[in-house]
Amino acid sequence: MAQRSIFRRLSKRFFITANLVVVLVFLLACLQPWLNPEQFWFIGFLSLALPYLLLVVAAFLLFWAVAKPRYMLISAIALVLGYRQISVLYNLNHQPFTAAKKESRLRVLSWNIRSFQGAGTGKVDKRANADRIMQLIDTTAPDVVCFQEFGQYNKPGLGENYVKDMEALGYRYHVQSKDYTRVKYYYTNGLAIFSRYPIIAQKRIPFTSNPESLLYADVAMPLGDTIRIFTAHLQSFKFTPHEMEALENASAQEKEVLSKSRNIVAKMKRAFRNRGSQADQIASYLDSSAYPAVFTADLNDVPGSYAYWRLRGQKLQDAFLAQGYGLGRTFLSLAPTLRIDYIMASLNLPIEQFAVLNSRSSDHLPLVADILLPSGQNALQKKPAGKSRKL
């Protein structure tokens, strides 16, 4: 009996201690909105672990509900304190996306297209993949398309001209950032914004931390609205294919992962720090926008991160949280919880529809949102209310 009593006391202490440790790490992860990874770079690792920390905290809650209900308070208090972070991880507001777009709505599609490469490696594969991308855009019929990692040959005969492909779909107006160039091959890569409607102003804002940038275009809509469309691609981890493979198969290739861990951690540290400074730089332009804004981006960061909260701020809404469903995964590698691509809009631009489209033409999934324009809101307000009748 004595041995059993000692075992029970030790077990109880172990589970209480383990619960407290997990809760402390979870709450530290929840501090990310206020800790810039430029200084607190280690917090970035916790942002990736946040969904899993949440599951462990919830598991302890259920465990104590059966074993010792009074200890449920440890996890319950943590979940209440971390509610702000928990609320951006998933959405249960399931609204099916309809292809038909109403009047006075702006349909925006955002997509990191990985330079049109897809899964193939040859020119034929790349052209076929580009055709699939163009077909999806044609079927979805957005008014504005924002591309990240848009690779383009600018001299006939050297490679595919995707600007011409987009023009053939009706996108007469476009701007590019051309962040990376290969002068010998007349090749550029960066951001691109394509529009069916006139672009009356544009600007590229270079990042101070790497060669990439923030790009915006002021789009003049038919009924008089002007919307400022922003797009950006924040610092990626820049893992090599071998590093990606090692991370995805860590259990089977433990030695390889360990041998490359220093390089991987160094890349992640640099990315976390750069994204912190890039988020600060972008936020000033979002906050000072002269027009209602739509911000599209591959942040390379999850919703719990400093970059997400800094850019969403007090003036933007997350289209996924407004009309999305589930976890909203947008990146197809590494983990099923990686929502790193976003469409955000000013609070005075209601999100009517949102969807993450199912396409394997890139390692990222495309996002599409229908946004109610100010002219449409005015029309709704002026529309006389008809008499209601029961059906």
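Note: the structure precedes this text.
Calculation notes
Residues numbered from 1 in each chain as written. Predicted model: local features only at pLDDT ≥ 70, side-chain atom pairs only at ≥ 80, totals over all residues. Heavy atoms only, no water. Helix = DSSP H or I, 4+ residues; strand = E, 2+ residues; numbered from the N terminus. Buried < 20%, exposed > 50% of the residue type's maximum accessible area, 1.4 Å probe, protein only. Contact = heavy atoms within 4.5 Å. Areas by Shrake-Rupley, 256 points an atom, 1.4 Å probe, with all protein chains shown as cover. Salt bridge = Lys/Arg side-chain N within 4 Å of Asp/Glu carboxyl O. Arc of directions from axis to C-beta. Polar contact = N/O pair within 3.5 Å; in protein donor to acceptor, adjacent residues only side chain to side chain. Patch = residues over 30% accessible without salt bridge, like charges linked within 9 Å, V, L, I, M, F, W, Y side chains within 5 Å. Lys, Arg positive; Asp, Glu negative; His and termini not counted. Charge placed at Lys NZ, Arg CZ, Asp CG, Glu CD. Core = buried A, V, L, I, M, F, W, Y, C linked by side-chain atoms within 4.5 Å. Pairing = 2+ DSSP bridges. Axes fitted to C-alpha atoms, helices over the stretch in contact; angles between N-to-C directions. Phe/Tyr/Trp six-rings, centres within 6.5 Å; stacked < 30°, edge-to-face > 60°. Lys NZ or Arg CZ within 6 Å of the ring centre and 35° of its normal. Expected span 1.5 Å × (residues − 1).

Enquirer: Quick question: what am I supposed to make of the overall build of the protein chain here?
Expert: Looking only at helices and strands, one finds eleven helices and 13 strands in the protein chain. For the protein chain, buried positions account for 50% of its 391 residues. Put simply, 71% of the contacts in the protein chain that link residues at least 6 apart link residues at least 24 apart. Carbon and sulfur atoms provide 58% of the accessible area of the protein chain, an area that totals close to 20,000 Å².

Enquirer: Explain the pattern of salt bridges here, please?
Expert: Once the charged atoms of two side chains with opposite charge are near each other, the side chains can pair. All told, the structure shown has ten salt bridges when counted by the stated rule. The salt bridge partner of Asp143 is Lys101, with a shortest N-O separation of 3.3 Å. In this pair, Asp143 is assigned in the loop between α5 (123-140) and β2 (144-153) and Lys101 in the loop between α4 (83-86) and β1 (105-112), connecting sequence segments 42 residues apart. In this structure, Arg127 and Asp165 form a salt bridge, with 3.0 Å as the shortest nitrogen-oxygen distance. With a gap of 38 residues between them, Arg127 in helix α5 and Asp165 in helix α6 (residues 162-168) connect regions that are remote in the sequence. Among the charged side chains, a network of salt bridges with common partners joins Arg127, Asp131 and Asp165.

Enquirer: Looking at this structure, I do not really get helix α3 (residues 72-81). What am I missing?
Expert: Given 3.6 residues to a turn, an α-helix orients residues that are three or four positions apart in the same direction. Every buried residue of α3 is listed here: Ile74, Ser75, Ala78 and Leu79. With its buried residues spanning 120° around the axis, α3 presents them on a single face. Of the exposed residues in α3, those oriented more than 90 degrees away from the buried face are Leu73, Val80 and Leu81.

Enquirer: How should I be thinking about the environment of Arg107 in this particular structure?
Expert: With respect to the helices and strands, Arg107 occurs in strand β1. Each C-alpha atom, one on Arg107 and one on Ala369, is 5.6 Å from the other, the two residues being 262 residues apart in sequence. Only 2.6 Å separates the side chain of Arg107 from the side chain of Asp370, close enough to count as a polar contact.

Enquirer: When you look at unusual backbone geometry in this model, what are you seeing that I'm missing?
Expert: In most cases, non-glycine residues show a negative phi, while peptide bonds are predominantly trans. One non-glycine residue, Ser115, lies in the positive phi region at around 55°. With respect to the helices and strands, Ser115 occurs in the loop between β1 and α5. Unlike most non-glycine residues, Glu149 shows phi in positive territory, near 55°. Tracing the backbone shows Glu149 in strand β2.

Enquirer: So what exactly am I meant to see when it comes to a positive patch on the surface here?
Expert: On the surface, Arg8, Arg9, Lys12, Arg13, Lys68 and Arg70 cluster together into a positively charged patch. Its place among the elements puts Lys68 in the loop between α2 (43-67) and α3.

Enquirer: How should I be thinking about the nonpolar core in this particular structure?
Expert: A general trend in soluble globular proteins is that nonpolar side chains are found buried together. Ranked by internal contacts, the top residues of the largest apolar core, which has 26 residues, are Leu106, Ile193, Ile227, Ile229, Val294 and Phe354. In contact with Phe354, other than residues within four places in its own chain, are Phe97, Ala319, Phe320, Gln323, Gly324, Ile343, Leu367, Val368 and Ala369. Listed in part, the 24 residues of the second largest apolar core include Leu214, Ala232, Trp309 and Leu316.

Enquirer: Teacher, can you tell me more about the sheet that holds strand β8 (residues 226-233) here?
Expert: Sheet strands pair via backbone hydrogen bonds, and the direction of the pair is either parallel or antiparallel. Strand order in the open sheet formed by six strands is β6-β7-β8-β9-β11-β10, with mixed pairing between adjacent strands. What marks the edges here is a single partner per strand, and that holds for β6 (199-206) and β10 (316-318). Each neighbouring strand pair of the sheet contributes to a mean axis angle of 20°, computed without reference to strand direction. Pairing geometry for strand β7 (residues 213-220) and β8, over seven bridges, is antiparallel. Paired with Ala220 across the strands is Thr226, a residue of β8.

Enquirer: Got a minute to help me understand the packing of aromatic side chains in this structure?
Expert: Aromatic ring pairs: the centre-centre distance and the angle between the two ring planes describe each pair. This structure, assessed with the given rule, holds 18 aromatic pairs. On the basis of an interplanar angle of 80° and a centroid distance of 6.4 Å, the ring pair of Phe40 and Phe42 is categorised as edge-to-face. With a centroid separation of 6.1 Å and 75° between ring planes, the pair formed by Trp41 and Phe45 is classed as edge-to-face. Trp41 sits in the partly exposed class, given a relative accessible area of 27%. In this structure an aromatic cluster arises from ring pairing among Phe14, Phe15, Phe63, Trp64 and Tyr71. Stacked on the ring of Phe237, the Lys or Arg Arg275 has its end atom at 4.8 Å from the ring centre.

Enquirer: Can you help me understand the side chain of Ser115 in this one?
Expert: Residue class for Ser115 comes out buried when judged on its relative accessible area of 6%. Within the structure, Ser115 has its side chain in polar contact with the side chain of Asn189 (distance 2.7 Å).

Enquirer: For this particular structure, what's the right way to read the environment of Asp318?
Expert: Structurally, the position occupied by Asp318 is in strand β10. Residues Asp318 and Ala345 lie 27 residues apart in sequence; the distance between their C-alpha atoms is 6.9 Å. Ignoring any residue separated from it by four or fewer positions in sequence, one finds Asp318 in contact with Tyr308, Arg312, Arg339, Tyr342, Ile343 and Met344. Of the polar contacts made by the side chain of Asp318, one reaches the side chain of Tyr308; its length is 2.8 Å.

Enquirer: Help me understand a nonpolar patch on the surface, please; the structure alone is not making it clear to me.
Expert: A cluster of nonpolar side chains, Leu28, Leu31, Trp34, Phe40 and Phe42, forms an exposed patch at the surface whose accessible area comes to about 490 Å². Its place among the elements puts Trp34 in the loop between α1 (2-29) and α2. Relative accessible area serves as the criterion here: at 58%, Trp34 is assigned to the exposed category.

Enquirer: Would you explain α5 in this entry?
Expert: For α5, built from 18 residues, the straight-helix expectation of 26 Å at 1.5 Å per residue is met to within 8% by its first-to-last C-alpha distance of 26 Å. For α5, the complete set of buried residues consists of Arg127, Asn129, Ala130, Ile133, Met134, Leu136, Ile137 and Thr140. Lining the buried residues of α5 we find β1, β2, α6 and β13 (367-372). Positioned one or two residues after α5, Ala141 has a phi angle of 55°, which is positive.

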